[in-house]
Number of protein chains: 2
Amino acid sequence: MMAQKASIPKGTRDFGHAETAERNYIFSCIEQVFRKYGYAQIETPAMENLSTLLGKYGEEGDKLLYRILNSGDAFANADFDKPLAPQVCEKGLRYDLTVPFARYVVQHQNEITLPFKRFQIQPVWRADKPQKGRYREFYQCDVDMVGSRSQLCELELVQIVDEVYRKLGIRVALKINNRKVLTGLAEICGFPDKVTDITVAIDKIDKIGLDAVKEELRGRGLDEAGIEKLVPVLTLGGGNAEKLAAMRSLLASSEEGMKGLDELEELFGYISAAGIRTETELDLSLARGLSYYTGAIFEVKALDWQIGSIGGGGRYDNLTGIFGLPGLSGVGISFGADRIYDVMKGLNLFPSGLGNVPTLLFANMGSAETAYILPVAADLRRKELIVEIYPDAAKLKKQFDYADRRGIPFLSINGSAEIEAGTVNIKNLASGEQRSFPKDDTDAILAFLK
Amino acid sequence: MMAQKASIPKGTRDFGHAETAERNYIFSCIEQVFRKYGYAQIETPAMENLSTLLGKYGEEGDKLLYRILNSGDAFANADFDKPLAPQVCEKGLRYDLTVPFARYVVQHQNEITLPFKRFQIQPVWRADKPQKGRYREFYQCDVDMVGSRSQLCELELVQIVDEVYRKLGIRVALKINNRKVLTGLAEICGFPDKVTDITVAIDKIDKIGLDAVKEELRGRGLDEAGIEKLVPVLTLGGGNAEKLAAMRSLLASSEEGMKGLDELEELFGYISAAGIRTETELDLSLARGLSYYTGAIFEVKALDWQIGSIGGGGRYDNLTGIFGLPGLSGVGISFGADRIYDVMKGLNLFPSGLGNVPTLLFANMGSAETAYILPVAADLRRKELIVEIYPDAAKLKKQFDYADRRGIPFLSINGSAEIEAGTVNIKNLASGEQRSFPKDDTDAILAFLK
């Protein structure tokens, strides 16, 4: 049989020892913080019914869903005059963790306690064009609370962001906006249906300047009167408090806009009471996920590394409605583990000694010698030491090389002399120091290995 | 829009807080032992190329593979006169962790150090008929070593089995066989191509008795002379040493059979030198995965709970050959997390206090009161306490209920009196004991919560 090429699908990755250890470090830091705020973990299946997934991510998202062929003969009863994919695929791979979470809340509504605080760390799949930093399989780390409209929920997410990135050693800025304020802005301009156009244009002010933004707004169908109303927003400066005050007079006539400002003011009040150290900035151009967020919008930017957002989220009032449970408001944030990984690699932020390099390698000198050291190795492992015995009685050079390539710091070589003396000989490979111990005195051995 | 039913595909599962915590406990126990023996983690993508998966699990296995529809218009260039599935699906979901591991070793052969010791804990998918204890998505926990033919590798797996199940509190028996011995048996009967038939028949001796087994062997095409040769095996009693001795005289004429006995003898020698406490039993009827194991075969049975095997594995000499890397021998074992879960549930073996129940809930008495306790909560969290603040200023009854349903043991209610006094009031909900602390003295609060 001809040998097959060993390869994996485009846009997917294998993770080796070192990378897995580093990724686990990220997951574990994030998870510890989630837990400290009372969020508990759930897991949902990789496969969801396509009916659960379709129509939740826009037309573009539907195209990016991985569909799974029905098992058995999928095409047996297909009508070939009609589109085939919907007939032969009932399941798809999860595209994010938010829709499965909404589905979970509705399906398990009688088992959960509201407000319901959950986190979920699992891979998602998107048939996106692979490129640098964009993969077809990647992990999301989501934390959400449903069942409360309180701004304390938003605060908790801000606290979590603050703590997670400090723990990881990444300096970040947290940008905050509120969808209701954007709606208010569109209202006072007289173009309530142009929320997205207005936000996109505002976003460009730093890059292209006031005149070009005005031109863009014209191109997007706003009239001069509407554009003039927006100028104060475009030239808004100062800290969060100043911005909020300026917006208050601007949005006075929009009930929705004022509600958004109330929410932001409450949140920023909590933020200063809780002593958040991360820079939090009211950013009126932030429009992330505009299509489903209804209140707060969050985005996290790394300060010392050029990359897109490394976290983001917001409040969504209507997410479980589609599954038959209206009136539940939720707010959540998602940490992008892959980008966080890139930032930490780039800034050299991973602590050393991740993974599980063995402390000690027993060289293999043959069958009798191995039987002699087996109980010693077992006793050291009982004391939680990571120990290996080289499996083959290979040349010592080869065994030394193995210790070297694995980064194992201590080597123990025991032959007939040691067996006769009842001792174990251990060498520190870095310093060359070598010592001999009675074979039963594993405590002394442990002390030497420290 | 009509509400959709919230459901998941047949044979898949959601895991809530408690179940996730229990499952994590299993994974973490297993992982800790793997690490102690120097195995390090890798992860491979959920999707593999179908060319990697097809033909590795037999014809039946191919049918159980989940195929993923190509993205874009999968049917655009399909030839409808030919089978469609192979044309429209290039990828499939991983069916086990062994084939992806073999693919990984070959693909990354220039990065890894031999002997290569890895573990992998990830879900796999099979389009099997769902039934009690059988799911379409389930986790495997695999530990393997490639690049050595030493029986010390087998010993290490036996040690890992011994330690994992002791850690979990499950009493088990480890059954051991060797494929070469089975080959030898078929040879001395004169039916070298009937290894499977012979093994299946031997397996039934306890259930149906000697005469019925003989009848079965006749039905499977063996002649009387061949069957008579097998009688000593069928009536084999005694401990492992007696069985090995009896087999030595029986298989004397089979080179392969004697090689298998040598391997078993070496392994059982190591097992007694290493002080394994788990019952290890030479079981000549054990034929698990006969199609690809070439040496040792392992199976783990729970002693106190009726269920199939809860772990198993063996040695495979030719696994990476198909991907173009011949001559590498590997041996591994897989722990069945789902069955282990069932056994632990059934025997009530999970320790209490898994998961992360918050220790303290701050009741929400309004905005000013919340701002007052925010720094206290932040300080307690800085000291690693799991703390929640109820998000809404709801009726106290509702907040009490929440603490009760979440199992939170301490409740802190602070109103204007506490604010004025600068104190924090905390109640032990089980004992009713209530105490007041200066709001800055979080160390005293922590001591009370212990």
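Bear in mind that the values here come from a model prediction, so they are computed numbers and not experimental data. (Residues numbered from 1 in each chain as written. Chains lettered and ligands numbered in written order. Predicted model: local features only at pLDDT ≥ 70, side-chain atom pairs only at ≥ 80, totals over all residues. Heavy atoms only, no water.)

**Student:** Would you mind showing me how to read unusual backbone geometry here?
**Tutor:** Glycine aside, residues mostly have negative phi angles, and peptide bonds mostly take the trans form. Residue A:L114 is joined to A:P115 through a cis peptide bond whose omega torsion reads -10°. With a phi angle near 60°, B:N348 is a residue other than glycine that sits in the positive phi range. Its place among the elements puts B:N348 in the loop between helix 13 (337–346) and strand 12 (360–362). On the accessibility criterion, B:N348 (68% relative accessible area) is exposed. You will see that B:E384, though not glycine, has its phi angle at about 70°, which is positive. Looking at the element boundaries, B:E384 is found in the loop between helix 14 (367–382) and strand 13 (387–389). (Helix = DSSP H or I, 4+ residues; strand = E, 2+ residues; numbered from the N terminus. Buried < 20%, exposed > 50% of the residue type's maximum accessible area, 1.4 Å probe, protein only.)

**Student:** Any chance you could explain the interface of chain A and chain B here in plain terms?
**Tutor:** Often, the extent of an interface is quoted as the loss of accessible area on bringing the components together. Listed per partner, the contact involves 105 residues of chain A and 104 residues of chain B. Interface area, chain A with chain B, both sides summed: about 8,500 Å², of which 56% is carbon and sulfur. At the junction of chain A and chain B, the tally comes to six salt bridges. B:K117 is the salt-bridge partner of A:E388, the closest N and O atoms lying 3.3 Å from each other. If you tally residues by element for the side of chain A that touches chain B, the top one is helix 14 (residues 367–382) of chain A, at eight residues. Partitioned by chemical class, the residues of the side of chain A that touches chain B number 54 nonpolar, 27 polar and 24 charged. (Contact = heavy atoms within 4.5 Å. Buried area = accessible area lost by both parts, 1.4 Å probe. Salt bridge = Lys/Arg side-chain N within 4 Å of Asp/Glu carboxyl O. Nonpolar A, V, L, I, M, F, W, Y, C, P; charged D, E, K, R; others polar.)

**Student:** I'm lost on the pairing of strand 10 (residues 311–316) of chain B in this one. Help?
**Tutor:** All names here are of chain B. With six of its six residues buried, strand 10 lies for the most part within the structure. In strand 10, alternate side chains face the same way, and those of G311, G313 and R315 on one face and G312, G314 and Y316 on the other are all buried. Summarising the sheet, strand 9 (residues 296–302) and strand 10 pair through four bridges and their orientation is antiparallel. Across the sheet, residue I297 finds its bridge partner in strand 10, namely G314. Strand direction decides the pairing type here: strand 10 and strand 11 (residues 330–336), joined by six bridges, are antiparallel. When the sheet's bridge partners are listed, G311 is paired in strand 11 with F335. (Pairing = 2+ DSSP bridges.)

**Student:** Looking at this structure, I do not really get empty space enclosed by the protein. What am I missing?
**Tutor:** Residue and element names in this part refer to chain A. For the structure shown, the criterion picks out five cavities of 30 Å³ or more. The greatest single-element share of the lining of the largest cavity, amounting to three residues, is contributed by strand 6 (residues 137–146). Residues belonging to the lining of the largest cavity are distributed by class as follows: three nonpolar, two polar and four charged. (1 Å grid on protein atoms, 1.4 Å probe; cavity = no way out; pocket = protein on both sides within 12 Å on 5 of 7 lines; lining within 4 Å. Points joined across faces, edges and corners; volume = space filled by probe spheres on them.)

**Student:** Hey, could you run me through the sheet that holds strand 7 (residues 172–178) of chain A in this one?
**Tutor:** Residue and element names in this part refer to chain A. Reading across the sheet, the eight strands line up as 1-5-6-11-10-9-7-8 and stay open at both edges, with mixed pairing between neighbours. Strands at the two margins of the open sheet, each flanked by one partner only, are strand 1 (40–41) and strand 8 (279–282). Relative to strand 9 (residues 296–302), strand 7 is paired through seven bridges, and the arrangement is antiparallel. Along strand 9, the bridge assignment pairs V172 with A302. Where helix 6 (residues 151–168) meets the sheet, it contacts strand 5 (116–125), strand 6, strand 7, strand 8, strand 9, strand 10 (311–316) and strand 11 (330–336), and its direction lies at approximately 15° from that of strand 11. Of the strands in this sheet, strand 7, strand 8 and strand 9 are in contact with helix 12 (residues 255–274), which crosses strand 7 at around 150°. (Axes fitted to C-alpha atoms, helices over the stretch in contact; angles between N-to-C directions.)

**Student:** What is the right way to read the sheet that holds strand 13 (residues 387–389) of chain A from this model?
**Tutor:** Across a sheet, paired strands are connected by hydrogen bonds in the backbone, their directions being either parallel or antiparallel. Residue and element names in this part refer to chain A. The five strands are arranged 13-12-14-15-16 in an open sheet whose pairing can be described as mixed. Of all the strands in the sheet, the pair left with one neighbour each is strand 13 and strand 16 (434–438). In this sheet, adjacent strand axes meet at a mean angle of 25° when their direction is disregarded. In this sheet, strand 16 lies alongside strand 15 (residues 423–428) in antiparallel orientation, the contact comprising five bridges. Counted as the bridge partner of V424 is F437 from strand 16.

**Student:** Help me understand the relation of the copies chain A and chain B in this model?
**Tutor:** There are two copies of the chain, and a rotation about an axis plus a shift along that axis relates them. When chain A is fitted to chain B, the residual RMSD is 0.1 Å, and the transformation amounts to a turn of 180° plus an axial shift of 0.0 Å. Viewed as a symmetry operation, the transformation between the two copies matches a two-fold axis. Taking C-alpha positions as reference, the residue of chain A nearest the rotation axis is A:I68, located at 2.3 Å. Here 99% of the interface residues in chain A have copies in chain B that are interface residues too; the copies meet face to matching face. (Least-squares fit on C-alpha atoms with pLDDT ≥ 70 in both.)

**Student:** Got a minute to help me understand the domain arrangement of chain A in this structure?
**Tutor:** Per the domain assignment, the segments making up chain A are domain 1 (17–346) and domain 2 (360–449). A C-alpha centroid distance of 53 Å is found between domain 1 of chain A and domain 2 of chain A. (Domains from an automatic or database assignment.)

**Student:** I'm lost on the pattern of salt bridges in this one. Help?
**Tutor:** For side chains bearing opposite charge, pairing can occur when the charged atoms are close. Taken as a whole and judged by the stated rule, the model has 70 salt bridges over all chains. The salt bridge involving A:K117 is made with A:E156; its shortest N-O contact spans 3.0 Å. One end of the pair, A:K117, is in strand 5; the other, A:E156, is in helix 6, with 39 residues separating them in the sequence. Like A:E156, A:K117 is buried. Here the residues in one salt-bridge network are A:K117, A:E156, B:E388 and B:R406, joined through shared partners.

**Student:** What exactly am I supposed to notice about the packing of helix 8 (residues 195–203) of chain A against helix 9 (residues 205–219) of chain A here?
**Tutor:** Helix-helix packing is described using two parameters, namely the angle between the two axes and the distance between the axes. Residue and element names in this part refer to chain A. It is the contact of helix 8 with helix 9, at a shortest axis distance of 7 Å, that shows an interaxial angle of 140°. With respect to their mutual orientation, helix 8 and helix 9 come out oblique. Only I205, V213, E216 and L217 of helix 9 make contact with helix 8, whose side of the interface consists of D197, I198, V200, A201, I202 and D203. Classifying every residue of the contact of helix 8 with helix 9 gives seven nonpolar, no polar and three charged. (Parallel < 35°, antiparallel > 145°, perpendicular 65-115°, else oblique.)

**Student:** Honestly, a nonpolar patch on the surface in this entry has me stumped. Any pointers?
**Tutor:** Nonpolar side chains collect at one region of the surface, where B:M365, B:L396 and B:F400 lie side by side and expose about 210 Å² of accessible area between them. Looking at the secondary structure, you find B:M365 in the loop between strand 12 and helix 14. (Patch = residues over 30% accessible without salt bridge, like charges linked within 9 Å, V, L, I, M, F, W, Y side chains within 5 Å. Areas by Shrake-Rupley, 256 points an atom, 1.4 Å probe, with all protein chains shown as cover.)

**Student:** What exactly am I supposed to notice about helix 9 (residues 205–219) of chain B here?
**Tutor:** Structural remark: α-helix, 3.6 residues per turn; residues separated by three or four positions point the same way. Residues and elements named next belong to chain B. Taking 1.5 Å per residue, 15 residues should reach 21 Å; helix 9 reaches only 15 Å between its end C-alpha atoms and comes up short. At D211, helix 9 shows its largest bend, some 80°. Listed as buried for helix 9 are I205, V213, K214, E216 and L217. In this fold, the buried residues of helix 9 make contact with helix 8 (195–203) and helix 10 (224–234). (Expected span 1.5 Å × (residues − 1). Bend = angle between axes of the 7 residues up to and from the residue.)

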